[in-house]
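Coordinate analysis (summary)
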Amino acid sequence: MSEDRHRRWPRTVWAAVAVTLLAACGGGDRDAPSADAQASGGELSAVVASFDLAIGPPARFLVAMLDADRRNLGHGRVDLAFTYLGEGTSEMTDTPGPSAEASYLPIPGTETDNPPDTPRFLLPSQGRGVYAAEVGFDRAGFWEVEVHADVDGDGRRSATTAFEVLADHRVPAVGDPAPPSENLTSATAGVPAEAIDSRAIDGPVPDPELHQTTIAAAVAAGRPALVVFSTPVFCVSRFCGPVTDVVAGLAADYADRAAFIHVEIWDDFEAKRINAAAAEWLAAGGGDGNEPWVFLIGADGTIAARWDNVAARAEIEPLLRQLPANP
Amino acid sequence: MRFDDAHRGVCEAAEAAAGDVEAAEAIFFDRAHDSLHELAATLDDTDRVSAARLLEAKQDVEAELDGAVRREIVRDHLVALAAVTGDALDVLGIERAECEP
């Protein structure tokens, strides 16, 4: 890395890193894309949208790009260059890491027909999304990603932001056994409807097909399951409703291949009481409760795939198609 | 102030909804939606009930915009959201413009 870049990271960088992480990783109660990271162009910000990054084989890395007017960069591809900064406890390093090309991943429901190939800034009403790439990290600590984009009509733009990579995942990861949770279902007696789905505050539980069985029952039966953890009403990440809708749509088309389950995050939002199943999956391992999450549990009861924050139908559907139909 | 602007955005969306639901939707998402999430997150620490009311009112608007485009109902939900947003600003002691869509 260049000396210029090194000078942009004085010893006090850890304070800035901490601020960025607080805002970007959120603790489950903050808006993810609200943190302004360092922008080499002066106005562009990069925000890591991934939850639970850890050492391991390549996995999905998400980053959003925003300009000063909070327009979202969308479409096309951007280049990512990673640098390992250190553990945060001593002199920082500046060790080059992997690079990757990231593709635009629109929030479900904001896709456009014939999307342009070149990145461009979008108003929220025109589209929202993040960029996704498969990236593997080989050491825990603080990392930086530098994002480069050739923006339509605006030339080459770049921004950097820092994020933390953990030694171990805090949320169940691919290959882990699925916690056999007894999530609430439509048949659970004595619970308010909004604890099953927060949208049921003044009406019936929507998407009833997602509330017919438990994760424990699916695992015990050796039946694959697609499970979404989200709170469509009380979501602060902005993506919970669309992601829940994606899973409901898949349930309509692939009910013969898997169980489909929605786990509402809140038992009682105002009392800050989380549903036990959500806590078992998203907090028990030290996770901070960020959501939404989608997990695909295989017939063997282990996690076959998982998607954090943003989950598109096009990412999930190919895996469902591989499952045997079992009416 | 972003939160005050979000409040004004909801009000303008409510005004627009009387004649053009698509315009109202654009105003809502471009001017208010993201900031309302941030406002709810800010309220979360001080007034959980107000945060809940705000997110519920926002969800009502989104649900209506997502499905049917019944002009009167969209407008009613936006008017309700404007009132809840105004209350939220009051809780936080943020000055706000008058809004009577």
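Structure: see above.
What comes next concerns the included structure.

Rules and cut-offs
Residues numbered from 1 in each chain as written. Chains lettered and ligands numbered in written order. Predicted model: local features only at pLDDT ≥ 70, side-chain atom pairs only at ≥ 80, totals over all residues. Heavy atoms only, no water. Helix = DSSP H or I, 4+ residues; strand = E, 2+ residues; numbered from the N terminus. Contact = heavy atoms within 4.5 Å. Areas by Shrake-Rupley, 256 points an atom, 1.4 Å probe, with all protein chains shown as cover. Buried < 20%, exposed > 50% of the residue type's maximum accessible area, 1.4 Å probe, protein only. Expected span 1.5 Å × (residues − 1). Arc of directions from axis to C-beta. Pairing = 2+ DSSP bridges. Axes fitted to C-alpha atoms, helices over the stretch in contact; angles between N-to-C directions. Polar contact = N/O pair within 3.5 Å; in protein donor to acceptor, adjacent residues only side chain to side chain. Core = buried A, V, L, I, M, F, W, Y, C linked by side-chain atoms within 4.5 Å. Disulfide = S-S within 2.5 Å.

1. So, the overall build of chain A
- Regarding its fold elements, chain A presents seven helices and 15 strands.
- Once local pairs closer than 6 in sequence are excluded, the contacts in chain A between residues at least 24 apart make up 71%.
- On chain A, roughly 13,400 Å² of surface is accessible, and the fraction owed to carbon and sulfur atoms is 51%.

2. Points about unusual backbone geometry
Residues and elements named next belong to chain A.
- Residue Pro292 is reached from Glu291 by a cis peptide bond, and omega for that bond is 15 degrees.
- Looking at where Pro292 falls in the secondary structure, it is placed in the loop between helix H6 (276-282) and strand E14 (293-297).
- Residue Asp207 is not a glycine yet carries a positive backbone phi of 50 degrees.
- With respect to the helices, strands and loops of the structure, Asp207 is situated in the loop between helix H3 (193-196) and helix H4 (215-220).
- You can call Asp207 buried: its relative accessible area is 19%.

3. As for helix H3 (residues 48-66) of chain B
- In this model, H3(B) (19 residues) spans 26 Å end to end at C-alpha, consistent with the 27 Å of a helix rising 1.5 Å per residue.
- The element H3(B) is largely enclosed, with a buried count of 14 among its 19 residues.

4. A closer look at the side chain of B:Lys58
Residue and element names in this part refer to chain B.
- Within the element layout of this structure, Lys58 appears in helix H3.
- Judged by relative accessible area, which is 2%, Lys58 ranks as buried.
- Among residues more than four places away in sequence, those in contact with Lys58 are Phe28, His33, Leu36, His37 and Leu81.

5. Quick word on helix H7 (residues 313-321) of chain A
All names here are of chain A.
- All buried positions along H7 are accounted for by Ile316, Glu317 and Leu320. Buried positions in H7, seen along its axis, are confined to an arc of 105 degrees and lie on one side of it.
- Buried residues in H7 make contact with strand E10 (225-230), helix H5 (240-254), strand E11 (259-264), E14 and strand E15 (303-308).

6. Some points on the sheet that holds E14(A)
Residue and element names in this part refer to chain A.
- Strand order in the open sheet formed by four strands is E11-E10-E14-E15, with mixed pairing between adjacent strands. Each edge of the sheet is formed by a strand with only one pairing partner; in this case those strands are E11 and E15. For this sheet the average axis-to-axis angle between neighbouring strands, irrespective of direction, equals 15 degrees.
- Relative to E14, E10 is paired through five bridges, and the arrangement is antiparallel. Note on E14: the bridge partner recorded for Phe229 is Trp293.
- Strands in contact with H5 are E10, E11 and E14; relative to E10, the strand with the most contacts, it is inclined by about 160 degrees.
- Packing against the sheet, H7 makes contact with E10, E11, E14 and E15, and its axis sits at approximately 165 degrees to E15.

7. Concerning the environment of A:Glu101
Residues and elements named next belong to chain A.
- Along the chain, Glu101 turns up in strand E5 (residues 95-106).
- Classification of Glu101 as partly exposed rests on a relative accessible area of 47%.
- Once the C-alpha coordinates of Glu101 and Tyr131 are considered, the two residues, 30 residues apart in sequence, prove to be 9.1 Å apart.
- Among the polar contacts listed, one links the side chain of Glu101 to the side chain of Arg77, at a separation of 3.2 Å.

8. Re the nonpolar core
- By size, the foremost hydrophobic cluster in this structure holds 57 residues, and its most contacted members are A:Phe229, A:Trp281, B:Phe28, B:Leu36 and B:Leu78.
- With residues near it in sequence (within four places) discarded, A:Phe229 still touches A:Ile215, A:Val263, A:Ile265, A:Ala277, A:Ala278, A:Trp281, A:Leu282, A:Glu291, A:Pro292, A:Trp293 and A:Phe295.

9. Overview of the pairing of E14(A)
Residues and elements named next belong to chain A.
- Counting buried residues in E14 gives five out of five residues, a clear majority hidden from the surface.
- Alternating residues of E14 divide into Trp293, Phe295 and Ile297 and Val294 and Leu296, and every residue in both groups is buried.
- What sits between the antiparallel neighbours E14 and E15 is a turn of five residues, in which Gly301 has the positive phi angle 85 degrees.

10. So, the environment of A:Leu166
All names here are of chain A.
- Mapped onto the elements of the fold, Leu166 is located in the loop between strand E9 (155-165) and H3.
- Between the C-alpha atom of Leu166 and that of Ala149, which follows or precedes it by 17 residues, the distance is 27 Å.
- With residues near it in sequence (within four places) discarded, Leu166 still touches Asp52, Leu53, Ala54, Ile55 and Ala140.

11. Some words on the state of the cysteines
Residues and elements named next belong to chain A.
- Taken as a whole and assessed by the stated rule, the structure comprises one disulfide over all chains.
- Each sulfur of the disulfide joining Cys235 and Cys240 lies 2.0 Å from the other. Across the S-S bond linking Cys235 and Cys240, the dihedral sits near 70 degrees, which makes this disulfide right-handed.
- Residue classification places Cys240 among the buried residues on the basis of a relative accessible area of 0%.

From the geometry alone we can't say anything about function, so treat these as descriptive.
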